[in-house]
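The residues making up each chain are set out below.
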Amino acid sequence: MISIEIPVLHGKYLRDVFESIRSQSFQDYEVIIVNSGPPLISDLIKEYGFKEVEGKNSKLLHARYQAHLESHGDFSLILDETRYLEKNALLKLSSLKSDMTIIHETEVAEGGKSIWVKGAQLDKDNIIYCNSVESIKGFALPRYFNSKILSKSFTSLLNNLGEKFYDVVFPDHELIYYEASKISSDVNIVKDPLIYHYGDSSLFEILRKYYRYGKTINVLRGTKYNNFLSIKRKKRNICKGTIKDKLILYILYLSRGIPFILGKYL
């Protein structure tokens, strides 16, 4: 069985996520939702018959942990409320036995693709095809885990972070992979895009998000994860795309990097 674990705050695309799960060709799964949002989200969870965990004051890393505590599957798929599945995603994943699997994604957006969505897709393509899976890099991240590996990763994070564990928003996913990579080096990459992502479609959304990321990463100062504060670790190889594509990528990186730095230091 596959445990699908999803922390929720806003719920804007949640019906799309739920419909993509319900229509899967592989049906041996459970869905655990940690709800940190409004009552309407509870109504939607009940409509689909999924398991709800209250997460009223839970930050993102804690919410992921809460979801995993309630899971019973042999493998866990950690999703977000902005990511929905290709129809055969679970069927394809169910045949994989690696401890961790990185899954390629397709960027989607309401109202058509903007330059920002195109840039994000170019970034994802370059991450998958041109870069290594080193966990400290933090951009090629597994979403499909052997559940025992995931449990041990959370235990390590709890032990190493103490009370700060409950304050981590970003880089929640990167920290999970970092600890998991200490336990196992068995990482697989699925280059078929099995996940669709509602990404940032405007410059304002990007600026706001990455400023918040810069603010929240400071919780790691003085911990065993102080190395995550380094921006240099995010440098990636670019091997795909035209000169115009690469220009779009550099504009995207600046649009993410500048607000991140401002949030980190202001």
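The structure this text deals with has already been given above.
Residues numbered from 1 in each chain as written. Predicted model: local features only at pLDDT ≥ 70, side-chain atom pairs only at ≥ 80, totals over all residues. Heavy atoms only, no water.

Q: Residues and numbers for the packing of helix α8 (residues 203–216) against helix α9 (residues 243–265), please.
A: The interhelical angle for the contact between α8 and α9, taken along N-to-C directions, is 40°, at an axis separation of 7 Å. By the angle class used here, α8 and α9 are oblique. Regarding α8 and α9, the two cross each other, and that crossing is right-handed. Packed against α8, whose contacting residues are L203, I206, L207, Y210, Y211, Y213, G214 and K215, the element α9 presents L252, S255, R256, P259, F260, L262, G263 and K264 at the interface. When its residues are assigned to classes, the contact of α8 with α9 shows 10 nonpolar, 3 polar and 3 charged. (Axes fitted to C-alpha atoms, helices over the stretch in contact; angles between N-to-C directions. Helix = DSSP H or I, 4+ residues; strand = E, 2+ residues; numbered from the N terminus. Parallel < 35°, antiparallel > 145°, perpendicular 65-115°, else oblique. Left-handed = near helix turned anticlockwise from the far one by under 90°. Contact = heavy atoms within 4.5 Å. Nonpolar A, V, L, I, M, F, W, Y, C, P; charged D, E, K, R; others polar.)

Q: Residue-level account of the nonpolar core, with values.
A: Of all hydrophobic cores here, the largest spans 34 residues; its most connected members are I4, I6, F18, I21, F50 and L77. When near neighbours in sequence (up to four residues on either side) are disregarded, L77 contacts I2, S3, I4, E5, L85, L90, L93, I103, R143 and Y144. One finds L61, V168, L220 and L252 within the second-largest nonpolar core, a separate group that totals 32 residues. (Core = buried A, V, L, I, M, F, W, Y, C linked by side-chain atoms within 4.5 Å. Buried < 20%, exposed > 50% of the residue type's maximum accessible area, 1.4 Å probe, protein only.)

Q: Which residues make up the environment of S23, and what values do they have?
A: In this structure, S23 sits in the loop between α1 (14–22) and β2 (29–35). A distance of 3.4 Å separates a polar atom in the side chain of S23 from the backbone oxygen of S20. (Polar contact = N/O pair within 3.5 Å; in protein donor to acceptor, adjacent residues only side chain to side chain.)

Q: Could you give an account of the sheet that holds strand β6 (residues 100–108), naming the residues involved and the relevant values?
A: Judged by pairing direction, the sheet is mixed, and its 8 strands sit side by side in the order β3-β2-β1-β4-β7-β6-β8-β5 without closing on themselves. Edge positions in the sheet fall to β3 (51–54) and β5 (83–85), since each has one partner strand and no second. Strand-to-strand twist of the sheet, defined as the mean angle between neighbouring strand axes without regard to direction, takes the value 30°. Strand direction decides the pairing type here: strand β1 (residues 2–8) and β2, joined by 7 bridges, are parallel. (Pairing = 2+ DSSP bridges.)

Q: Tell me about the environment of L60, residues and numbers included.
A: The topology assignment puts L60 in helix α3 (residues 60–69). On the basis of relative accessibility, which here comes to 26%, the residue L60 falls in the partly exposed class. Separated by 24 residues in the primary sequence, L60 and S36 place their C-alpha atoms 9.6 Å from one another. Look past the residues within four positions of L60 in its chain and what remains in contact with it is P7, V168, V169 and D172.

Q: Give me the lowdown on the pattern of salt bridges, citing residues and values where you can.
A: On inspection of all chains with the given rule, the structure shows 18 salt bridges. Here K51 ties to E70 by a salt bridge, and the two come within 3.7 Å at their closest N and O atoms. In this pair, K51 sits in strand β3 while E70 sits in the loop between α3 and β4 (75–78), placing the two residues 19 residues apart along the sequence. Overall, K51 belongs to the partly exposed group, its relative accessible area being 38%. With its nearest N and O atoms 3.1 Å apart, the salt bridge here joins D200 to K209. Under the relative-accessibility criterion, K209 is labelled partly exposed at 25%. Connected via shared salt-bridge partners are R64, D80, R83, E105, E107, K124, R143 and D172. (Salt bridge = Lys/Arg side-chain N within 4 Å of Asp/Glu carboxyl O.)

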